[in-house]
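The chain contents come next:
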Amino acid sequence: MKKNLILIGFMGCGKSTLGVKLSYRLRTMLTDTDELIEKKQKKTIPQIFAEDGEEAFRRLETEVLRELLCTGGTRILSTGGGLPMREENRTLLKQLGTVVYLRIRPETVWNRLKGDTTRPLLQKPDPKAEICRLLELRGPLYEAAADRIVDVDGKTYEQLLREIIE
Ligand code: S3P
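Throughout what follows, the structure given in this document is the object of discussion. (Residues numbered from 1 in each chain as written. Predicted model: local features only at pLDDT ≥ 70, side-chain atom pairs only at ≥ 80, totals over all residues. Heavy atoms only, no water.)

Once that is clear, we can look at the overall build of the protein. Helix and strand counts for the protein come out as eight helices and five strands. Compactness check: the protein gives a C-alpha radius of gyration of 15 Å against a globular reference of 15 Å for 166 residues, within 12% of the reference. Counting over 166 residues, the protein shows a buried share of 46%. Of the roughly 8,600 Å² that the protein leaves accessible, carbon and sulfur atoms contribute 52%. Distance between charge centroids for the protein: 4 Å, based on 29 positive and 25 negative side chains. (Helix = DSSP H or I, 4+ residues; strand = E, 2+ residues; numbered from the N terminus. Rg over C-alpha atoms; globule rule 2.2 N^0.38 Å. Buried < 20%, exposed > 50% of the residue type's maximum accessible area, 1.4 Å probe, protein only. Areas by Shrake-Rupley, 256 points an atom, 1.4 Å probe, with all protein chains shown as cover. Lys, Arg positive; Asp, Glu negative; His and termini not counted. Charge placed at Lys NZ, Arg CZ, Asp CG, Glu CD.)

Before going further, it helps to examine the sheet that holds strand β1 (residues 4-8). Spatially, β2-β3-β1-β4-β5 is the arrangement adopted by the five strands of the open sheet, whose pairing is parallel. Each edge of the sheet is formed by a strand with only one pairing partner; in this case those strands are β2 (29-32) and β5 (148-151). Here the average twist between neighbouring strands, direction ignored, is 25 degrees. Of the strand pairs in this sheet, strand β4 (residues 97-103) and β5 are connected by four bridges, and their pairing is parallel. (Pairing = 2+ DSSP bridges. Axes fitted to C-alpha atoms, helices over the stretch in contact; angles between N-to-C directions.)

It is worth spelling out the site of the ligand at this point. Every one of the 14 residues lining the ligand counts as a neighbour, but Lys15, Asp34, Arg58, Arg119 and Arg138 are closest to it. In this structure, aspartate 34 approaches the ligand through a side-chain N or O atom, which is 2.8 Å from an oxygen atom. The side chain of arginine 119 places a nitrogen or oxygen atom 2.8 Å from an oxygen atom of the ligand. Within the complex, the protein chains bury 95% of what would otherwise be the 390 Å² of accessible surface of the ligand. Breaking the shell around the ligand down by element, the ones donating at least two residues are α3 (45-52) and α4 (54-69). Split by residue class, the shell around the ligand holds six nonpolar, three polar and five charged. (Near = heavy atom within 4 Å. Polar contact = N/O pair within 3.5 Å; in protein donor to acceptor, adjacent residues only side chain to side chain. Nonpolar A, V, L, I, M, F, W, Y, C, P; charged D, E, K, R; others polar.)

Moving on, we get to the environment of tryptophan 110. Mapped onto the secondary structure, tryptophan 110 falls in helix α6 (residues 106-113). Judged by relative accessible area, tryptophan 110 falls into the partly exposed class, the value being 21%. Tryptophan 110 sits 14 residues away from lysine 124 along the chain, and the two C-alpha atoms are 13 Å apart. The contact partners of tryptophan 110, leaving out residues within four places of it in the chain, are Pro127, Lys128 and Ile131. (Contact = heavy atoms within 4.5 Å.)

Positioned with a positive phi, arginine 27 is a non-glycine residue whose angle comes to about 50 degrees. Position of arginine 27 among the secondary structure elements: in the loop between α1 (15-25) and β2. Its relative accessible area of 75% is what places arginine 27 among the exposed residues. At lysine 42, a position not held by glycine, the phi torsion is positive, near 55 degrees. Tracing the chain through its elements places lysine 42 in the loop between α2 (33-41) and α3. On the basis of relative accessible area, lysine 42 is assigned to the exposed category, the value being 74%.

Before going further, it helps to examine helix α5 (residues 87-96). The set of residues buried in α5 consists of Asn89, Arg90, Leu92, Leu93 and Leu96. For α5, the angular spread of buried residues about the axis comes to 165 degrees, placing them on one side. Contacts from the buried residues of α5 go to β1, α4, β3 (75-78), β4 and α7 (127-145). (Arc of directions from axis to C-beta.)

Within the structure shown, the criterion is met by two aromatic pairs. With centroids separated by 5.0 Å and ring planes inclined at 45 degrees, the aromatic side chains of phenylalanine 49 and phenylalanine 57 adopt a geometry described as tilted. By the burial criterion, phenylalanine 49 is buried, and phenylalanine 57 matches it. (Phe/Tyr/Trp six-rings, centres within 6.5 Å; stacked < 30°, edge-to-face > 60°.)

See below:
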């Protein structure tokens, strides 16, 4: 396995939760790109989107990946759902480690995230349609970024952990 274990996938697929569990199980430090950005900017993600715009947030995602490449250590890296959309980021991810795509169906995302107010991209009149639209657009790019694909629907976290660690 390459140095880091990287989790990518759509909002609500379980990257953060699985990241924590993997970090305990493998006794490996956990890093989350959204958290790094929030710390760096001293703002929450919704604040960054509202005050600086999505493009600025995307630039920050690339910046933290570049910084991580220069940092030592082995880590579990959980990422923001839109991070693999930039080609440069997909290249950086491949350089950083083994990329696991947590693939999820739109209905499951909707069940998990309806009512969520923390994701700026889902604050739309019809968030369910937006989930479907974004997933269709992003699916092929997640696949292009991935070394491995793990389907998450209907599985427990324990099952997923085992699948990922195998
Ligand atoms: C985003 C996903 C979010 C966060 C930001 C944008 C996206 O992370 O990075 O709101 O573009 O899909 P999660 O996937 O952890 O929700």
